[in-house]
Amino acid sequence: MMNLADEQYDNIEDIKLNTWDISVILACGGSRFRACLTQLQREAEVAPWPSDRVTHIRTGLHWELASFVVPFINYAVSHSMVATPSSVVKMILAQFSQNSLQDVPNHIFSAHLMSIDPQTKDDDPSRMVDEYDRAWWISGISVNLSEPLPWESIRKCVDNHVRQWPEGCALTIPAPQAELGESSCLAQLLLMRERLRLIASEQVAEIETLLGQARVQAQTIERLAHKRDPHVMQAAALGLPVSVLWRDNL
């Protein structure tokens, strides 16, 4: 399984990207997430996802983040650019940190995905389009999800996405540091804000995972304590319901 935190993305660092490039790539990534969630939610409305489908979805979402989101946010930060993912990507990052994406129990994972609204305005550059390259979320399409896409494949996916943009598509490009001045405090604050947003989204997801684990542990302790209760043990030995023994001891 890929580890987004450890991936080096050497092929991404070797290319030259500007703020426009980063914004378009992140818009494409957001559109892919919207299409993926729309399809998955339609499936879940018909019948719950089987466990093997959930595993495939986890792997696919991880692959999407590793291919179309994380390396370009890292690139933007390392080159003093401001990168703003689409709203649906922000929701995914807020719900699932890079590590907990694989650890969240199936029912919680499914509930989170069903709670995200993938719809957006028609002029949003991250809106859904008619055709996607490597649409792993569609039944019958086989995609290698074991490693992130190389740059050339990412570029082709983005080109295909941009060709399907409707007229009047409004892509807002964040101002890069060069436009604000090398020593601009505003530029530094904008970069810091994006870093803090990513860190906060990961921490929220980790806290939710820990709370879920704590609830499971508390339930286990409660069950063990119940089994060790003298009345429970005596009732079990006599083959009687606990309620009967409790009534007799009143």
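See above for the structure.
The notes below deal with the structure included here. Model, not experiment: these values are computed from the prediction.

Notes on the packing of aromatic side chains
Here's step 1: In total, this model carries four aromatic pairs according to the counting rule given.
Here's step 2: For the ring pair Phe72 and Trp151, a centre distance of 6.2 Å and an interplane angle of 55° mean the geometry is tilted. Of the two residues, Phe72 sits in helix α3 (residues 51-78) while Trp151 sits in helix α6 (residues 151-163), which places them 79 residues apart along the sequence.
Here's step 3: You can call Phe72 buried: its relative accessible area is 0%.
Here's step 4: With a centroid separation of 5.6 Å and 85° between ring planes, the pair formed by Trp136 and Trp137 is classed as edge-to-face.
Here's step 5: By relative accessible area, Trp136 is classed as buried at 1%.
Here's step 6: You can call Trp137 buried: its relative accessible area is 2%.
Here's step 7: In this arrangement the basic side chain of Arg58 is found over the ring face of Phe109, its NZ or CZ atom lying 4.4 Å from the centre.

Quick word on the environment of Thr120
Here's step 1: Inspection of the secondary structure assignment puts Thr120 in the loop between α5 (106-115) and α6.
Here's step 2: For the pair Thr120 and Ser87, spaced 33 residues apart in the sequence, the C-alpha separation amounts to 9.0 Å.
Here's step 3: Separated by 2.7 Å, the side chains of Thr120 and Asp124 make a polar contact.

Points about unusual backbone geometry
Here's step 1: At Ser80, a residue that is not glycine, the phi angle is positive and equals roughly 55°.
Here's step 2: As for its position among the elements, Ser80 is in the loop between α3 and α4 (87-95).
Here's step 3: One non-glycine residue, Arg134, lies in positive phi territory at about 55°.
Here's step 4: We classify Arg134 as partly exposed; its relative accessible area is 37%.

Describing the pattern of salt bridges
Here's step 1: Counted under the stated rule, the structure contains five salt bridges.
Here's step 2: Between Asp159 and Arg155 there is a salt bridge, with the nearest N and O atoms lying 3.1 Å from each other. Of this pair, Asp159 and Arg155 are both found in helix α6, four residues apart, which corresponds to roughly one turn of the helix.
Here's step 3: With relative accessibility at 32%, the residue Arg155 sits in the partly exposed group.

Focus on empty space enclosed by the protein
It is a probe the size of a water molecule, rolled over the atoms, that shows where empty space is left.
Here's step 1: Summed over all chains, the structure comprises one cavity of 30 Å³ or more.
Here's step 2: Approximately 30 Å³ is the volume found for the largest cavity.
Here's step 3: Around the largest cavity sit Cys28, Arg32, Glu131, Tyr132, Asp133, Cys157, Asn160 and His161, which together line it.
Here's step 4: Counting only elements with at least two residues in the lining of the largest cavity, the list comes to α2 (19-46) and α6.
Here's step 5: At three residues, the largest contribution of residues to the lining of the largest cavity is made by α6.
Here's step 6: Within the lining of the largest cavity, the residues separate by chemical class into three nonpolar, two polar and three charged.

Reading the values: the criteria
Residues numbered from 1 in each chain as written. Predicted model: local features only at pLDDT ≥ 70, side-chain atom pairs only at ≥ 80, totals over all residues. Heavy atoms only, no water. Phe/Tyr/Trp six-rings, centres within 6.5 Å; stacked < 30°, edge-to-face > 60°. Helix = DSSP H or I, 4+ residues; strand = E, 2+ residues; numbered from the N terminus. Buried < 20%, exposed > 50% of the residue type's maximum accessible area, 1.4 Å probe, protein only. Lys NZ or Arg CZ within 6 Å of the ring centre and 35° of its normal. Polar contact = N/O pair within 3.5 Å; in protein donor to acceptor, adjacent residues only side chain to side chain. Salt bridge = Lys/Arg side-chain N within 4 Å of Asp/Glu carboxyl O. 1 Å grid on protein atoms, 1.4 Å probe; cavity = no way out; pocket = protein on both sides within 12 Å on 5 of 7 lines; lining within 4 Å. Points joined across faces, edges and corners; volume = space filled by probe spheres on them. Nonpolar A, V, L, I, M, F, W, Y, C, P; charged D, E, K, R; others polar.

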